[in-house]
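Overview (structure and organization)
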There are 2 protein chains.
Amino acid sequence: MTDFLLPIETLRRRRGVKWHRYGPDVLPAWIADMDFAVAEPVRRAMARLVEEGDYGYAAREGGDGLDRAFADRMRDRFGWELDAGRVVPVADLVQAITASVVAFTEPGDGVAVQTPIYPPFLAAIDGTGRRRVVDPLVDDGRRLAIDPRGLEAAVDAGTRLLLLCNPHNPSGRAFEREELEAVARVAVERDLVVVADEVHCDLVYPGSRHVVLATLGPEVAARTVTINSATKSFNVPGLRCGVMHFGSDALLERFRAALPGRLLGTVGVTGVDATVAAWREAQPWLDAVMEVLTANRDRVAAWAAALAPAIRHHAPDATYLAWLDCGGVAVDGARPRDFFLERARVALHSGAEFGPGGETCVRLNFATSPAILEELLGRMEGAIRGSVYPARR
Amino acid sequence: MTDFLLPIETLRRRRGVKWHRYGPDVLPAWIADMDFAVAEPVRRAMARLVEEGDYGYAAREGGDGLDRAFADRMRDRFGWELDAGRVVPVADLVQAITASVVAFTEPGDGVAVQTPIYPPFLAAIDGTGRRRVVDPLVDDGRRLAIDPRGLEAAVDAGTRLLLLCNPHNPSGRAFEREELEAVARVAVERDLVVVADEVHCDLVYPGSRHVVLATLGPEVAARTVTINSATKSFNVPGLRCGVMHFGSDALLERFRAALPGRLLGTVGVTGVDATVAAWREAQPWLDAVMEVLTANRDRVAAWAAALAPAIRHHAPDATYLAWLDCGGVAVDGARPRDFFLERARVALHSGAEFGPGGETCVRLNFATSPAILEELLGRMEGAIRGSVYPARR
């Protein structure tokens with residue numbers, strides 16, 4: 001069941017940004033979508049819209065589809081009983097984070113975030129005149145981990161909001177219950193609103209599990225905005241559809257009072273229909289995808305281990321993202337991302353954009369066919385070995 | 001060429017809100033989408049997406065498609081040379097209006113608007129704590145018209161923004177150049193930003209024409225945000241895609257400074273692809289649709305004339321909306337909309353929601369097949385004649 005794998009000729013014919021930002025000799029592993037065909041239920045939902053030819057005002061914006069499908073899925077997979085009446089549809093995760101920062105803080109307020117972090121988190125803080133409260137993840141030799149004492153020390157009196165990314169982009173960590181409990185404790189003690197981006201919750205590898213922050217207790221739940229979407233797991237980011245769930249009526253009311261109705265726009269029928277189909281019917285596809293991703297994850301880890309200490313890497317618990325510290329590669333003064341683009345013709349996301357701790361790193365998207373991944377890793381290895389490779393000098 | 005007309009059985013099977021808000025014995029003529037199949041180029045654009053199965057991050061969000069298609073269409077049809085670099089994609093018109101009110105005014109500021117008006121205009125003012133500056137359209141016996149002296153008198157020192165709807169919803173007016181020049185003069189003299197909703201620009205009947213406000217001169221252009229969309233003319237509102245065009249860099253910079261990047265979300269590939277296909281390739285479909293709409297408009301006008309003075313009506317210059325003043329119908333203390341829903345089983349939009357001047361009115365959407373329109377008008381006529389009809393007493 002790997003009929004979702006697409007050959008490189010098909011990928012290069014696609015119209016998306018991943019395969020077209022760079023030249024045809026470049027293998028792209030930067031932006032985070034998958035080189036896989038969508039699940040049959042998603043295809044069917046889109047085909048149904050074409051057959052019906054009905055793109056009028058929907059009866060299914062938010063209300064009677066998306067919110068229940070989300071609630072059912074969260075209950076069945078993560079034991080989270082949420083209130084479907086407090087689900088607000090949004091176009092995308094970044095909109096949801098930006099809106100939360102605007103709604104729950106004032107200019108100058110501190111917003112805590114675990115770095116390195118997906119760059120739009122930092123942009124949502126910087127771009128709204130809020131203040132970064134940086135809580136770096138700590139490499140304990142096994143993984144990048146939340147350090148509860150570090151978080152407590154970082155959160156000052158002017159901090160109002162904590163942006164949690166779990167599973168974490170770019171580290172791939174699915175934080176353990178103990179780490180999340182520490183976050184929840186700080187949030188409650190310091191009276192923070194928490195925005196929990198959990199869009200990678202379905203992409204967790206065997207041996208790890210996703211813990212929904214809002215399940216840790218009523219106190220943290222009431223102050224938590226959970227953001228989720230099918231676009232990441234089911235590979236439909238171009239359809240623009242996600243959800244925010246507010247953990248209490250009070251939190252939702254604060255949000256609504258701060259942001260006028262309709263300012264955020266409304267989601268389209270294609271996004272809603274694809275999302276509902278994905279969440280309700282496409283799990284077998286995702287199970288098959290996860291088998292490929294698991295093998296790819298292991299392959300990247302083995303490849304990185306063979307290149308240590310030029311490359312340092314902890315295999316991710318979740319996500320199809322490999323965070324590679326290239327601090328041991330002699331990149332001739334270039335950023336690692338530029339080095340690999342130039343020498344390997346592989347396009348990666350530059351770690352420098354992910355804030356403190358990311359300067360020597362790149363983020364590699366391994367959601368592609370094993371053959372393409374092999375070619376891409378081979379090119380990167382060649383560039384590393386062809387450079388003034390400290391470990392081989 | 002009327003293969004876009006859909007029989008009632010097909011319409012009742014659709015999943016949209018128009019045909020499902022009320023019971024199966026009700027004929028809906030309320031929300032403003034059309035009971036017509038979409039144009040073949042739009043169908044093809046959607047089918048292409050299904051065939052490609054590619055819903056990854058697009059290269060075509062805003063940039064390389066929507067903005068140029070909009071610019072080319074405005075140039076070719078209305079002689080408007082706009083700057084494609086100042087086009088910002090949005091989900092919908094209401095989002096664009098709300099965002100403009102937030103960006104260009106402060107709470108308490110006055111926002112001028114011609115009433116009666118599409119209710120979300122009023123909601124954007126009321127819901128953001130701004131102040132309605134009401135400039136009623138004046139019935140000159142032929143039509144509802146802008147009264148320049150009325151507008152000058154209404155705009156006070158605290159007024160910062162003028163929301164223009166042209167062609168106008170619900171009156172169906174395509175304002176004449178002289179009326180628009182009066183608006184432009186007031187805007188320049190009083191230093192107002194103008195938000196011109198021109199989404200009905202393609203739905204103008206023979207004998208009238210659409211004048212783009214921003215073509216009236218550089219002074220008014222520089223202070224005008226023009227809002228447009230293919231969703232109304234080409235019947236794809238469920239796909240959520242529109243554009244804002246800013247008449248000067250300064251205006252765009254003010255907007256961007258007021259609203260953080262990504263707060264408004266991003267548009268999806270289906271909306272972009274459908275819009276580009278509609279604007280570039282679907283004009284023959286729209287020409288054929290306009291023939292049906294013209295006949296329907298004339299039929300409604302003749303029907304209303306035969307029912308005068310119970311019904312007062314001016315045939316619209318544009319839009320598929322008939323604004324019917326039912327002040328002469330004895331509705332037994334009910335609102336006209338409730339009267340027709342109850343007695344005729346026809347669902348209309350209540351004029352009371354359109355602000356001052358709308359209390360005795362209903363808005364009727366006549367974008368349906370002539371057979372359905374006939375049935376609907378017959379039902380309404382029956383209700384009127386069956387009531388205590390003053391003109392017949």
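Residues numbered from 1 in each chain as written. Chains lettered and ligands numbered in written order. Predicted model: local features only at pLDDT ≥ 70, side-chain atom pairs only at ≥ 80, totals over all residues.

1. Brief notes about the overall build of chain A
Helix and strand content of chain A: 13 helices and 15 strands. By the compact-globule yardstick of 21 Å for 393 residues, chain A fits well, its C-alpha radius of gyration being 21 Å. Taken over the C-alpha atoms alone, chain A extends approximately 60 × 55 × 35 Å along its principal axes. Classification of the 393 residues of chain A by burial places 57% in the buried group. (Helix = DSSP H or I, 4+ residues; strand = E, 2+ residues; numbered from the N terminus. Rg over C-alpha atoms; globule rule 2.2 N^0.38 Å. Buried ≥ 20, exposed ≤ 12 C-beta atoms within 10 Å, placed from the backbone.)

2. Focus: the relation of the copies chain A and chain B
In screw terms, the move from chain A to chain B is a rotation of 180° and a rise of 0.0 Å along the axis, fitting with an RMSD of 0.0 Å. Given the turn and translation reported, the copies of this chain are related as if by a two-fold rotation axis. Ranked by how close their C-alpha atoms come to the rotation axis, the residues of chain A are headed by Leu264 of chain A, at 2.6 Å. Here 100% of the interface residues in chain A have copies in chain B that are interface residues too; the copies meet face to matching face. (Least-squares fit on C-alpha atoms with pLDDT ≥ 70 in both. Contact = placed C-beta atoms within 7 Å.)

3. Concerning the pairing of strand E12 (residues 321-325) of chain B
E12 of chain B sits mainly inside the fold: five of its five residues count as buried. Side chains Leu321, Trp323 and Asp325 of chain B of E12 of chain B all project onto a buried face; the interleaved residues Ala322 and Leu324 of chain B project onto the opposite face, where all are buried too.

4. Points about the nonpolar core
Judged by nonpolar contacts, the single largest core of 276 residues is most densely connected at Val42 and Leu163 of chain A together with Val42 and Leu163 of chain B. Setting aside anything within four residues of it in sequence, one finds Leu163 of chain A in contact with Ile97, Val111, Ala112, Val113, Phe121 and Val195 of chain A. (Core = buried A, V, L, I, M, F, W, Y, C linked by C-beta atoms within 7 Å.)

5. Some points on the sheet that holds strand E12 (residues 321-325) of chain A
All names here are of chain A. Judged by pairing direction, the sheet is antiparallel, and its four strands sit side by side in the order E11-E12-E15-E14 without closing on themselves. Only two strands of the sheet have a single partner each, and these edge strands are strand E11 (312-313) and strand E14 (349-350). Note that E14 and strand E15 (residues 361-365) share two bridges and pair antiparallel. Within E15, the residue paired with His349 across the bridge is Arg363. Here helix H12 (residues 336-343) sits on the sheet and contacts E14 and E15; the angle it forms with E15, its principal contact strand, is near 55°. (Pairing = 2+ DSSP bridges. Axes fitted to C-alpha atoms, helices over the stretch in contact; angles between N-to-C directions.)

6. Looking at the packing of helix H4 (residues 93-104) of chain A against helix H9 (residues 249-258) of chain A
Residue and element names in this part refer to chain A. Running from N to C, H4 and H9 point in directions that differ by 90°, and their axes come no closer than 9 Å. When the axis of H4 is compared with that of H9, the two are roughly perpendicular. Only Arg254, Phe255 and Ala258 of H9 make contact with H4, whose side of the interface consists of Val102, Ala103 and Phe104. Residue composition of the contact of H4 with H9, grouped by class: five nonpolar, no polar and one charged. (Parallel < 35°, antiparallel > 145°, perpendicular 65-115°, else oblique. Nonpolar A, V, L, I, M, F, W, Y, C, P; charged D, E, K, R; others polar.)

7. Here we look at the interface of chain A and chain B
Opposite the 53 residues of chain A that make contact, chain B presents 53 residues. Mapped onto the side of chain A that touches chain B, the elements with two or more residues apiece are helix H2 (40-52), H4 and helix H10 (269-281) of chain A. Of all the elements, H2 of chain A adds the most residues to the side of chain A that touches chain B, at six residues. Residues that form the side of chain A that touches chain B fall into these classes: 26 nonpolar, 16 polar and eleven charged.

8. A word on the environment of Val331 of chain B
All names here are of chain B. Within the secondary structure, Val331 sits in the loop between E12 and helix H12 (336-344). Each C-alpha atom of the pair Val331 and Thr360 lies 9.8 Å from the other, and the pair is 29 residues apart in sequence. In this view, Val331 contacts Cys326, Pro336, Phe339 and Ser387; residues no more than four positions away in its chain are not counted.

9. Some thoughts on the domain arrangement of chain A
All names here are of chain A. Domain boundaries assigned for chain A yield domain 1 (8-40 + 283-386) and domain 2 (45-281). For domain 1 and domain 2, the distance between their C-alpha centroids amounts to 25 Å. Listed as interface residues are 26 residues of domain 1 and, on the opposing side, 32 residues of domain 2. Elements supplying a minimum of two residues to the side of domain 1 that touches domain 2: helix H11 (283-306), E12 and E15. (Domains from an automatic or database assignment.)

10. Looking at the environment of Ala99 of chain B
All names here are of chain B. Its place among the elements puts Ala99 in helix H4 (residues 93-104). Take Ala99: there are 27 C-beta atoms within 10 Å of it, and that puts it in the buried class. Note: C-alpha distance between Ala99 and His168 (69 residues apart in sequence) is 20 Å.

11. Structural notes on unusual backbone geometry
Residue Pro116 of chain A is reached from Thr115 of chain A by a cis peptide bond, and omega for that bond is 0°. If you trace the backbone, Pro116 of chain A turns up in the loop between strand E3 (110-115) and helix H5 (119-126). A cis amide bond links Asn166 of chain B to the next residue, Pro167 of chain B, at an omega of -10°. With respect to the secondary-structure elements, Pro167 of chain B resides in the loop between strand E7 (159-165) and helix H7 (177-189). Phi at Arg262 of chain B is positive, roughly 80°, even though this residue is not glycine. Along the polypeptide, Arg262 of chain B turns up in the loop between helix H9 (249-258) and helix H10 (269-281). In this structure Arg262 of chain B comes out as buried when scored by C-beta crowding, with 20 C-beta atoms within 10 Å.

12. Some words on the sheet that holds strand E4 (residues 131-136) of chain A
Residue and element names in this part refer to chain A. Strand order in the open sheet formed by seven strands is E2-E10-E9-E8-E7-E3-E4, with mixed pairing between adjacent strands. Two strands lie at the open edges of the sheet, namely strand E2 (87-90) and E4, each paired on one side alone. Across this sheet, the average inter-strand angle for adjacent strands is 20°, counted without regard to direction. Where H5 meets the sheet, its contacts fall on E3, E4 and strand E7 (159-165), and the angle it forms with E3 comes to roughly 165°.

13. Notes on H4 of chain B
Residues spaced three or four apart along an α-helix point in a common direction, a consequence of the helix completing one turn every 3.6 residues. Residues and elements named next belong to chain B. Between its first and last C-alpha, H4 extends 16 Å over twelve residues, near the 16 Å set by a 1.5 Å rise per residue. Where burial is concerned, most of H4 is hidden: eleven out of the twelve residues are buried. Residues of H4 that are buried include every one of Leu93, Val94, Gln95, Ala96, Ile97, Thr98, Ala99, Ser100, Val101, Val102 and Phe104, and no others. (Expected span 1.5 Å × (residues − 1).)

14. A word on the pairing of E2 of chain A
All names here are of chain A. Burial along E2 is two-sided: the residues Val87 and Pro89 and Val88 and Val90 are all buried. As defined by bridge partners, E2 adjoins strand E10 (residues 242-246) across four bridges and the pair is classed as antiparallel. Within E10, the position partnered with Val87 by the bridge is His245.

15. So, the environment of Arg68 of chain A
All names here are of chain A. Position of Arg68 relative to the elements: it lies in helix H3 (residues 63-78). C-beta crowding within 10 Å serves as the criterion here: with 15 such atoms nearby, Arg68 is assigned to the partly exposed category. When the C-alpha positions of Arg68 and Ile384 are compared, they lie 49 Å apart, and in sequence the two are 316 residues distant.

16. Quick notes on H7 of chain B
Residues and elements named next belong to chain B. The end-to-end C-alpha distance of H7 is 18 Å, a good match for the 18 Å that 13 residues give at a rise of 1.5 Å each. What H7 keeps buried is the set Glu179, Leu180, Val183, Ala184, Val186 and Ala187. Considered in projection along H7, the buried side chains sweep an arc of 165° and stay on one side of the axis. Structural note: H7 exposes Arg177, Glu178 and Glu189 on the side pointing more than 90 degrees away from its buried face. One or two positions beyond H7, positive phi appears at Asp191, with a value near 60°. (Arc of directions from axis to C-beta.)

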